[in-house]
Amino acid sequence: MRSRTLASAAIGATALLGLTACLPAGGGDKAADIGTAARASAGAPSPTPSGSASASAKGSGALTDLSGAEILTQAYEATRKAESARVVAKVQFEGKPMGIDLALDKDGNCNGAIRLDGMGRLDIIKSSELVHFRGDEAYWRGAAKLKKTPKKQTDQMVATLANRWVKLAASDPRASEMTGTCDLDKLTGDFGRANPLARKGETATVDGKPALAVTSPAKEGTQTDYVATQGTPYILKSAISGDSTGEALFSRFNEPVDTASPKDSDVLDMGKLGSGGTGQAA
């Protein structure tokens, strides 16, 4: 994943939070325009070097016989062709660390979570028909703080919405910003032309899978892509080091995304609020 794609992933992730601006807070005010949350990706496995590329080329297949640019060309093409994947990313958004953990596909479905430092966690499930999202208490309090919501209204909002699933029809205009967040094509769209200066590095293990590191110069510093050396040459990890930092791990290629509605009888139906109705079960 190129550095600008890491940034766009963060921006796209926060776009879904525009949905919460439509939710009523205590006293009738809107909840918040911005806020973020997710499962932290701190537990994501890091590549473990296991020797130089030349020393371990035997048994790794013909991939390691290619140049760095040729390897990346194959890897970018293979990753772009994947119908679905899980992406676990650590990025910087407006100076704060953000964790993204999403399973998503080319049909715009996704399931996962997002967390921005100091803003709690937001879970998201999106299918072709529905969007479900759930913020924890820290998320709602952080969102209320950004909106400068009075404490009494904030407490009412937290009591009503914290850790509660909210649903919205995917066809609702308020859900339109979710398209980019949950679109794998957009997320991998920056896997384009390989840098001709790309150079093969060491072999590594990423999440138990053998890989080969390929480094490329980037505006922010150094781009390192870890390419699977067994089976399809997918990008297993992409990272930036230097003036900017960030990383993304890719896994579960071509596995179906679970878009089943939450098994919860107390889901708040956002579509009912505008007409004076109350939240209905999903």
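Above: the structure in question.
What you see is a predicted model, and the numbers here were worked out from it, not measured in a lab. (Residues numbered from 1 in each chain as written. Predicted model: local features only at pLDDT ≥ 70, side-chain atom pairs only at ≥ 80, totals over all residues. Heavy atoms only, no water.)

### Regarding helix H4 (residues 151–161)
What counts is decided by this rule: Here the term buried applies to any residue with accessible area under 20% of the maximum for its type, exposed to any over 50%, and partly exposed to those in between, with areas from a 1.4 Å probe on protein chains only. The secondary structure listing takes helices from DSSP runs of H or I that are at least 4 residues long and strands from runs of E that are at least 2 residues long, numbered from the N terminus. Here the arc refers to the directions that run from the helix axis out to each C-beta atom. Pairs of residues are marked as contacts when any of their non-hydrogen atoms sit within 4.5 Å.
Among the residues making up H4, those that are buried are Gln 153, Thr 154, Met 157, Val 158 and Leu 161. Down the axis of H4, the sector holding all buried residues measures 135 degrees, keeping them to one side. Across H4 from its buried face, at more than 90 degrees, point the exposed residues Lys 151, Lys 152 and Ala 159. Next to the buried residues of H4 lie strand E6 (130–135), helix H3 (137–147), strand E7 (166–169) and strand E13 (268–269). Looking at the residues trailing H4, positive phi occurs at Asn 163, about 60 degrees.

### Regarding the pattern of salt bridges
Note that side chains of opposite charge can pair when their charged atoms are close. We count it as follows: Salt bridge, as used here: a side-chain nitrogen of Lys or Arg that lies within 4 Å of a carboxyl oxygen of Asp or Glu.
Inspection of every chain in the model, using the stated rule, returns 11 salt bridges. Lys 81 is paired through a salt bridge with Glu 77; the nearest N and O atoms lie 3.1 Å apart. On the criterion of helical spacing, the pair formed by Lys 81 and Glu 77 is a turn pair, its members being four residues apart in helix H2 (residues 68–81). Of the charged contacts in the structure, one is a salt bridge between Glu 247 and Lys 90, with a shortest N-O distance of 3.9 Å. Linking Glu 247 in strand E12 (residues 246–251) with Lys 90 in strand E2 (residues 84–93), this pair joins segments that are 157 residues apart in sequence. Judged by relative accessible area, Glu 247 falls into the buried class, the value being 14%. A network of salt bridges, in which partner residues are shared, links Glu 137, Arg 141, Lys 151 and Asp 155.

### Some thoughts on the packing of aromatic side chains
Aromatic ring pairs are described here by two measures, namely the spacing of the ring centres and the angle between the planes. Basically, it comes down to this: Pairing of aromatic side chains requires ring centres within 6.5 Å, counting the rings of Phe and Tyr and the six-membered ring of Trp. Pairs whose planes differ by under 30 degrees are stacked, by over 60 edge-to-face, and all others tilted.
This model, assessed by the stated rule, comprises four aromatic pairs. Centroid distance Tyr 76 to Phe 191: 5.2 Å. Interplanar angle 35 degrees. Geometry classified as tilted. Here Phe 191 lies in the loop between helix H6 (184–187) and strand E8 (199–206) and Tyr 76 lies in helix H2, a separation of 115 residues in the sequence. Accessibility expressed as a relative area gives 1% for Tyr 76, which makes it buried. Consider the rings of Tyr 234 and Phe 253, whose centres lie 3.8 Å apart with planes at 15 degrees: the pair is stacked. Remark: Phe 253 occurs in the loop between E12 and E13 and Tyr 234 occurs in the loop between strand E10 (221–228) and strand E11 (235–242); sequence separation between them is 19 residues. Since its relative accessible area comes to 15%, Phe 253 is described here as buried. Among the aromatic residues, those joined into a ring-pair cluster are Tyr 76, Phe 191 and Phe 250.

### Description of the packing of H3 against H4
Which entries qualify depends on this criterion: Angles run from 0 to 180 degrees between N-to-C directions of axes, and those axes are lines fitted to C-alpha atoms, restricted for helices to the stretch in contact. Orientation is classified from the angle alone, with under 35 degrees giving roughly parallel, over 145 giving roughly antiparallel, 65 to 115 giving roughly perpendicular, and any other angle giving oblique. Should the near helix be turned anticlockwise from the far one by less than a right angle, the crossing is left-handed, and should it be turned clockwise, the crossing is right-handed.
Their axes nearest at 10 Å, the elements H3 and H4 cross at an angle of 150 degrees. As far as their axial angle goes, H4 and H3 are roughly antiparallel. Here the hand of the crossing between H3 and H4 comes out right-handed. For the pair H3 and H4, the contacting residues are Glu 137, Trp 140, Arg 141 and Ala 144 in the first and Thr 154, Asp 155, Met 157, Val 158 and Leu 161 in the second.

### Observations concerning unusual backbone geometry
Although it is not a glycine, Lys 148 adopts a positive phi angle of roughly 60 degrees. With respect to the secondary-structure elements, Lys 148 resides in the loop between H3 and H4. We classify Lys 148 as exposed; its relative accessible area is 73%. In this model, Arg 252 sits at a positive phi of 50 degrees, which is unusual for a non-glycine residue. Examined against the element boundaries, Arg 252 turns out to sit in the loop between E12 and E13. With a relative accessible area of 47%, Arg 252 lands in the partly exposed category.

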